[in-house]
Amino acid sequence: EQRSTRFMDIGFIGLGNMGQPMARRLIQAGHKLVVYDTRNDAVAPLVAMGAQLASSPADVADRVETVMASLPSLQISEKVTTGEGGVIHGKRIKRFIDLSTTGSRVAAKIAAALAKKNIVQIDSPVSGGVGGATKGTLAVMVSGPKAEIDLVKDALAVFGKVFVIGEKPGMAQTMKLANNFLSATAMAATSEAVAMGVKAGLDPAVMIDVINAGSGRTTASDGKFPQAILPRTFNYGFATALMLKDVRLCFDEAKALNVPSAVMNAVLDQWETTNAEYGGDSDFTAIVKMIEKRAGVIVGTEKKR
């Protein structure tokens, strides 16, 4: 069938670590963008590529029917959607695609508020980090009315592989939290395992090679350790505060649904400690330093000075 949605006019709010490369991919794919961010340096590269600059989320929603947002916190998500100068006050907006991680309950709350203005919310959290956003290899989890998802599916496919999770608001959020909890657990558990080996005299690089060839392999051993931990760069590109937010939301969701969450609780504790000791802006690979400090070892190729 002929799709008329090939090229769309899209609003994009939030041009941070994830939003920037995603917005860039939309422009490269031929979509016309209207962008907004609180930081001028964030919008400049996209304006240089032909994006139009808006003065507020409401201004974005005055100009286009489809608005996407990639935002770092629940407070900012609520402000951008339903707050003063938020997209809810826009005259043209018909659908709001939230690429952020808010958890299912906040997603349902925002969806209900937008629905009063006949604006459809499509939840579309993504997984795969800054690298995946840049290369267009993200896992894109979508929930919302099927007809609306069909309209925007082509645009979302620019980011990576689209998975339709369901029609109910927040379902994609639950999927995203389950995924990120596993990612957070892999980081925490691999850090403990490798620190134990190093303290017993094992070479961390050899350990990681063995783990990656064996049944203990995870995204932590496969990606984070070789790229950012063994070389001691700690620059993987995801903030500790964001990982903590995701694990906390997941734990809250598990409690609300009354399912076992002992592992979540333990993992949450490790991220709370990392956040308290290294700050929310630290790279989330800092969890290794938190474990090292207690183990009295250094994991990596840099020798202890």
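Residues numbered from 1 in each chain as written. Predicted model: local features only at pLDDT ≥ 70, side-chain atom pairs only at ≥ 80, totals over all residues. Heavy atoms only, no water.

Peer 1: Explain the pattern of salt bridges residue by residue, including any values.
Peer 2: Evaluation of the coordinates by the stated rule reveals twelve salt bridges. Ionic pairing is found between Lys91 and Asp62, a salt bridge with its closest N-O pair at 3.9 Å. With Lys91 in the loop between helix 4 (74-82) and strand 5 (95-98) and Asp62 in helix 3 (residues 57-63), this pair connects stretches of sequence that are 29 residues apart. Classification of Asp62 by relative accessible area gives partly exposed; the value is 27%. Between Arg95 and Glu148 there is a salt bridge, with the nearest N and O atoms lying 2.5 Å from each other. Pair noted here: Arg95 is in strand 5 and Glu148 is in helix 7 (residues 146-156), with a separation of 53 residues, a long-range link. One exposure class covers both Arg95 and Glu148, and it is buried. Among the ionic contacts, a cluster of salt bridges with common partners joins Glu277, Lys293 and Arg294. (Salt bridge = Lys/Arg side-chain N within 4 Å of Asp/Glu carboxyl O. Helix = DSSP H or I, 4+ residues; strand = E, 2+ residues; numbered from the N terminus. Buried < 20%, exposed > 50% of the residue type's maximum accessible area, 1.4 Å probe, protein only.)

Peer 1: Describe in detail the side chain of Ser100, supporting the description with residues and values.
Peer 2: Tracing the sequence through the fold places Ser100 in the loop between strand 5 and helix 5 (104-115). Of note is the side chain of Ser100, whose polar atom sits 2.6 Å from the side chain of Asp98. In contact with Ser100, other than residues within four places in its own chain, are Ala69, Ser70, Leu71, Ser77, Pro125 and Gln173. (Polar contact = N/O pair within 3.5 Å; in protein donor to acceptor, adjacent residues only side chain to side chain. Contact = heavy atoms within 4.5 Å.)

Peer 1: Hey, could you go over the pairing of strand 2 (residues 32-36) for me, with residue numbers and the actual values?
Peer 2: Counting buried positions along strand 2 gives four out of five residues, so the element sits mostly inside the fold. Viewed along the sheet, the connection from strand 1 (residues 9-13) through helix 1 (residues 19-28) into strand 2 turns out right-handed. By the bridge criterion, two bridges tie strand 2 to strand 3 (residues 52-53) in an arrangement that is parallel. Bridging across to strand 3, Val35 finds its partner in Leu53. Read as a crossover between parallel neighbours, the route from strand 2 over helix 2 (residues 40-48) to strand 3 is right-handed. (Right-handed = clockwise from strand over helix to strand, strands pointing away. Pairing = 2+ DSSP bridges.)

Peer 1: Describe the side chain of Thr240, naming the residues involved and giving the relevant values.
Peer 2: Within the fold, Thr240 resides in helix 11 (residues 240-257). With relative accessibility at 0%, the residue Thr240 sits in the buried group. Here Ser282 takes part through its side chain, which lies 2.7 Å from a polar atom of the side chain of Thr240. In this structure, Thr240 is in contact with Trp271, Thr274, Asn275, Gly279, Gly280, Ser282, Asp283, Phe284 and Ala286, ignoring residues within four places of it in sequence.

Peer 1: Before we move on, could you go through the packing of helix 8 (residues 171-199) against helix 11 and cite the residues and values that matter?
Peer 2: It is at 9 Å that the axes of helix 8 and helix 11 come closest, and there the two elements cross at 120°. Here helix 8 is positioned oblique relative to helix 11, judged by the angle of their axes. In terms of crossing hand, the pair formed by helix 8 and helix 11 is left-handed. The residues of helix 11 that touch helix 8, namely those facing Thr174, Lys176, Leu177, Ala178, Asn180, Phe181 and Ala184, are Met243, Asp246, Val247, Leu249, Cys250 and Glu253. Partitioning the contact of helix 8 with helix 11 into residue classes produces eight nonpolar, two polar and three charged. (Axes fitted to C-alpha atoms, helices over the stretch in contact; angles between N-to-C directions. Parallel < 35°, antiparallel > 145°, perpendicular 65-115°, else oblique. Left-handed = near helix turned anticlockwise from the far one by under 90°. Nonpolar A, V, L, I, M, F, W, Y, C, P; charged D, E, K, R; others polar.)

Peer 1: Account for the nonpolar core, naming residues and giving values.
Peer 2: One broad rule of soluble globular proteins: the nonpolar side chains tend to lie buried together. Membership of the largest hydrophobic core comes to 36 residues, with the highest contact counts inside it found for Met187, Val194, Phe225, Trp271, Val288 and Val299. Where this core is concerned, the elements lending two or more residues are helix 8, helix 9 (204-213), helix 10 (219-229), helix 11, helix 12 (262-278) and helix 13 (287-295). Per-element tally for this core: the top contributor is helix 8, with nine residues. (Core = buried A, V, L, I, M, F, W, Y, C linked by side-chain atoms within 4.5 Å.)

Peer 1: Break down the packing of aromatic side chains for me, citing the residues and quoting the values.
Peer 2: Any two aromatic rings considered together are summarised by their centre-to-centre distance and by the angle between their planes. Under the criterion given, the structure shown has three aromatic pairs. Aromatic pair Phe238 and Phe284: ring centres 5.5 Å apart, planes at 85°, arrangement edge-to-face. Within this pair, whereas Phe238 is found in the loop between helix 10 and helix 11, its partner Phe284 is found in the loop between helix 12 and helix 13, the two being separated by 46 residues in sequence. Since its relative accessible area comes to 2%, Phe284 is described here as buried. Summarising the aromatic geometry, the rings of Trp271 and Phe284 are spaced 6.0 Å apart at their centres and angled 15° between planes, so their arrangement reads as stacked. Taken together, the positions of Trp271 in helix 12 and Phe284 in the loop between helix 12 and helix 13 put the pair 13 residues apart, joining distant regions of the chain. (Phe/Tyr/Trp six-rings, centres within 6.5 Å; stacked < 30°, edge-to-face > 60°.)

Peer 1: I'd like a rundown of helix 7, residues and numbers included.
Peer 2: For helix 7, every residue scored as buried is listed here: Glu148, Ile149, Val152, Ala155 and Leu156. Angularly, the buried residues of helix 7 cover 105° about the axis, an arc narrow enough to put them on a single face. In helix 7, those exposed residues whose orientation departs by more than 90 degrees from the buried face are Lys146 and Ala147. (Arc of directions from axis to C-beta.)

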